[in-house]
Structure formats: structure tokens, C-alpha cells
Amino acid sequence: MSGIIGIFLQHNSVDAAATDDAARMAYFGLHALQHRGQESTGIAVGDGKTIIEVKDLGLVTQVFKESNLRALTGHIALGHATYLVSRDKGDMPLWEDAQPHIFSIGKQLIALGFNGKLLNSEEVQDYLSEHKLQLDSDADAEGIAALVGKYTEETGHIREGIARTMNRVHGSYAAGIISESALYAFRDPLGICPLCLGELRDDSDTVRGWVIASETCGLDIVGARYLRDIEPGEVVKISEKGVETLMARPAPKPALCVFEYVYFARPDSEMAGLSMYEARHRLGVELAAEAPADADCVMGVPDSGIPGAVGFAKASGIPYGEGLTKNRYVGRTFIEPTHSLRQRGIRLKLNPMKHAVRDKRLVIVDDSIVRGNTSKQLVAMLREAGAREVHLRLTSPPVMSPCYYGIDMSSSDQLIAARLTCDEICDYIGADSLAYLSLEGLVRATGMSADTLCMACFDGNYPIGLGFCTVASQ
């Protein structure tokens, strides 16, 4: 799942420099959202007349320098950090996959930043081909852009073009669009992908502008106050007139991806009024009640496993300690593009502190086991460092089913829990014991109702029909 940040600053003819801060604010927002996509990044800026863009492969700090940021002048900006879902073009990301994606509607330039996965992409491409609209690639972002362009030309309004597009496509998505003079945000009818709205105020408490972001941490870093989530099925337009909204495709109930609580979102982000740190702390408390262990110390796997470890330690009475050092300059191994890169990344990312683990019986709390690579190497490293026992506890249930909505686990053969029992997984990774949190414990910790979450990777109940999922997996 990629990261999106959108900035709209009200035009200020008295202080023109203040309205040129949009690109820099998007730059800082992308820093906060870098964990959602590490393969490429870009920022597009509108100044009321045209749109210009800088994008490339690499991290935010690799792509943006003072020289190219200075060139991005304008009061509207859209930033994107890319995490590729489809590997059909090969194992490595391509420049063409970088976003925002710029396209034209007549003589008007538009830029799109897209997070998610279309399940009927082949149908969309066939439809566009029938209407003589040829795409340069099979990327979902390009298909969405072409549909928005077609329907905008028919309706005369970008917001209506977005609404009609949302009624044509099926899948998970959160997206931002900028024109030369407005910022748009929209979200799939089930709200599988997160997207929120914030407000910027100046020193006199006057509204200066608005921000959209995949997570609230993107609002925090630019000083925006959280207003609300973009509603599932909603289109928001932000212009000099302020915030306007249209419910384009209402759904009977939401289905936010529960993996946001387990792993994806930053711990300082909030969803549904609950911080991800608190949610993960609760996961650890639930886990301690369900799967106790006789041990000397509880340790968390940085970063997403630490809040759960703190909760486990508090509930169990076993002391909490730090025994794993994380190299902050290595990315998230879960979203590296190839198996070989994941394997190398695990060794580079984590290193045990021998003095803290030697001769200890350890409870190691991690967020999940997907493929088994990290856990197997982690247990081996801890034993090499002198751990006497390693009891692995997971703050999520077994990942049993593929995700078709944008997480890189789209086939069952990638999922170790789909092939092996808990005892067999324990033997494979070399732990003394292994236990998962129950689905009921996970739901309790989120504070949400089970029927408002997408938990398909755990329970196989897909909120969007399996007919679309079958097409997507081919």
C-alpha cells in the first residue's frame, strides 16, 4: 500500500512565498509516509496555470534535492511514495511505475496519485480500448486516469468524472488528483485503504489550507489538524471555495484493512480515534492472556512488534527488555520486491544484543508471520547470540489467505500458514514454542466491530466478490 500526501494552500497575493510552500510540505509529508512505499517517489505541483513534476526511483531523500524542490513552485501539491503490487514486468521497479501520473484532459493537465489495487483492471482496459483510448501500460493508475479523463470530458467536471470512474472500477483504492487549481481526494466504497483530511491554520487561527494524507502522521508533520477521514465512496474537492464533497458510491458497511492495525500504519498514526501504538499495545495484552509463556524476558521485534511486547510484558508480569537493534537505514523487508532482497534485508536490518539475550528464556513478540523468512532467521540469530529458549508470539492470527487488495501476498504458496500447521511452522523456524493471537482477540484490540474490517487474509471472507478476485489472481 502506497503513501499519498496532498496539499492545498489558499492563494495569498500578499505573501506569494507562503503559497509556494506546498511542494516542501508534500516533501515532509512523504518522509512521514515513507514506510508505505520505498521503491519510487514523486511530487507534482499546480500553480493555477500548469502542473510540473519531479519523480524517480528511490527513497524521498534520494529523489529530492534542494535544486529540484526549488523548481516546484505552486500552491497545490500531490506527493506519492510507491509500493508496487504487481510484478508482471519483472522483479525490479520501473521508472514508469513512479507516481504521480500526469495526464491531460483536453488542454488541461492533471496528476494522479493512487494507492490500492483494481480487481477488474482487464475489464477497464478492454472498455478503454473499445473507446479508442490506448494505455501505455497496464498500471492501475493509468487506467484510473484514463477513465477520469474520459468521463470528465463527457460531464465537464473533474469531480463528476471521478464519481463515474468509481462506479466503473472495483477494488481497493485511495487516491488524490490535482489540477492547476484544485485538489481532489477519493476512496473506495468499502474504505479498505485509509485516507484522511486535515486543516492548516496560521498564527492568527485563520484557515490557510487543507491536507489529505494516507495516515494522520502525514498531517502531523506539516502541522495540520486532523478533521476527519475521507468517507468510503466519497469524493472531496478542495479549491479556493473551500472543501466540497460528493458521495459518489455509498456502501452498506466499511471494510478497513485490519493489517493497518497489525503492521502497515505508523504507531503514531490514528484510525477511528485510536492510535496504532495503543491498538498494538492492546494486541500484546490480549496475546499474553491467550498464550502465556514461562520466560525471563519479553522482547519486541522493531518496530511494529514493540508495542505488543510492552503490552505482553505488562499483562504477564514478565520483565520487558530490548534485545534487538534495528538498522534505521534498511527498509521494510516485507515489501522488498524479491525473495533474495528480502533475505539480505533481514540480516542487514536486525542484530541481537548478545549481553541482553545470553542464557535467557525469551518471549519474542512480532506482528505476523507471512512467508516465514524473517522469523526463521531471527530465531537462528538469537540462538547464535546465546538465547537459551525462544518463544515466538504473534500479535495477529495466521495469514491463511491471499490478499487481492494491494498487499504483496497475492498467492497461497507465499503463505507459510496456508501450507503448514502451527507446530510445523514452529519446527521450521526453530522456536521452542509458537502461538498466534486469535481473530477475536485482534478485533477486541482494535475497538472496531468485526463487520467493519477486512480480515480476508486471516479468515478468507473477501468483502469484494471472489469473481473479481479470481480475475485479479490470473
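Small disclaimer: the values here were computed from a predicted structure and weren't measured. (Residues numbered from 1 in each chain as written. Predicted model: local features only at pLDDT ≥ 70, side-chain atom pairs only at ≥ 80, totals over all residues. Heavy atoms only, no water.)

When you go through the protein chain residue by residue, the secondary structure sums to 18 helices and 23 strands. Taking all 474 residues of the protein chain together, 58% fall into the buried category. Of all intrachain contacts in the protein chain linking residues separated by at least 6 positions in sequence, the fraction that spans at least 24 positions is 70%. Summed over its atoms, the accessible surface of the protein chain is roughly 18,600 Å², and 49% of this surface lies on carbon and sulfur atoms. (Helix = DSSP H or I, 4+ residues; strand = E, 2+ residues; numbered from the N terminus. Buried < 20%, exposed > 50% of the residue type's maximum accessible area, 1.4 Å probe, protein only. Contact = heavy atoms within 4.5 Å. Areas by Shrake-Rupley, 256 points an atom, 1.4 Å probe, with all protein chains shown as cover.)

Packed helix pairs are characterised by how far apart their axes lie and by the angle those axes make with each other. In the contact formed by helix H10 (residues 276-290) and helix H16 (residues 439-446), the axes pass within 8 Å of each other and the chain directions differ by 145 degrees. The element H10 and its partner H16 pack so that their crossing is right-handed. Two secondary-structure elements touch here, H10 through Ala-279, Arg-282, Leu-283, Glu-286 and Glu-290 and H16 through Gly-441, Leu-442, Arg-444, Ala-445 and Thr-446. A class-by-class count of the residues in the contact of H10 with H16 yields 4 nonpolar, 2 polar and 4 charged. (Axes fitted to C-alpha atoms, helices over the stretch in contact; angles between N-to-C directions. Left-handed = near helix turned anticlockwise from the far one by under 90°. Nonpolar A, V, L, I, M, F, W, Y, C, P; charged D, E, K, R; others polar.)

Looking at the element boundaries, Leu-274 is found in strand E16 (residues 274-275). Classification of Leu-274 as buried rests on a relative accessible area of 11%. On a C-alpha basis, the gap between Leu-274 and Met-448 in space is 9.8 Å, while along the polypeptide they are 174 residues apart. Leave out the neighbours within four places in its chain, and Leu-274 touches Tyr-261, Ser-269, Ala-279, Arg-282, Ala-445 and Thr-446.

Let us look at helix H5 (residues 121-130). Residues of H5 that are buried include every one of Ser-121, Val-124, Tyr-127 and Leu-128, and no others. Buried positions in H5, seen along its axis, are confined to an arc of 120 degrees and lie on one side of it. On its buried face, H5 sits against strand E6 (108-118) and helix H6 (140-155). Lys-132 sits one or two positions beyond H5 and adopts a positive phi of about 65 degrees. (Arc of directions from axis to C-beta.)

Before going further, it helps to examine the nonpolar core. Counting residues in hydrophobic clusters, the biggest one holds 71 residues, and the most contacted among them are Ile-178, Ile-238, Phe-259, Tyr-261, Val-298, Tyr-405 and Phe-458. Setting aside chain neighbours within four positions, we find Ile-238 in contact with Phe-8, Ala-182, Leu-183, Leu-197, Trp-210, Ile-212 and Val-243. (Core = buried A, V, L, I, M, F, W, Y, C linked by side-chain atoms within 4.5 Å.)

On to the confidence of the model for the protein chain. Residue-level pLDDT values for the protein chain average 90, and 89% of them are 70 or greater. Long-range and interchain partners of residues 468-474, a stretch whose pLDDT sits below 50, account for 12 contacts in this model, where long-range means more than four residues apart. (pLDDT = per-residue confidence, 0-100.)

As for its placement among the helices and strands, Ser-214 is situated in the loop between strand E10 (207-213) and helix H8 (216-220). Owing to a relative accessible area of 2%, Ser-214 belongs among the buried residues under this scheme. Within the structure, the side chain of Ser-214 is placed 2.9 Å from the backbone nitrogen of Ile-4, a separation counted as a polar contact. The residues contacting Ser-214, other than those within four sequence positions of it, are Ser-2, Gly-3, Ile-4, Leu-33, Arg-36, Pro-194 and Leu-195. (Polar contact = N/O pair within 3.5 Å; in protein donor to acceptor, adjacent residues only side chain to side chain.)

Taken together, the 6 strands give an open sheet; going across it, the order is E5-E6-E7-E8-E12-E13, and neighbouring strands pair in antiparallel fashion. Strand pairing shows two members of the sheet lacking a second neighbour, strand E5 (101-105) and strand E13 (242-247), which therefore form its edges. With direction set aside, neighbouring strand axes in the sheet form an average angle of 20 degrees. Bridge analysis of E6 against strand E7 (residues 171-178) gives 8 bridges, and the strand direction is antiparallel. The residue bridging Ala-111 from the neighbouring strand is Ile-178, located in E7. Together, E5, E6, E7 and strand E8 (183-187) form the strand contacts of H6, whose direction differs from that of E6 by roughly 130 degrees. (Pairing = 2+ DSSP bridges.)

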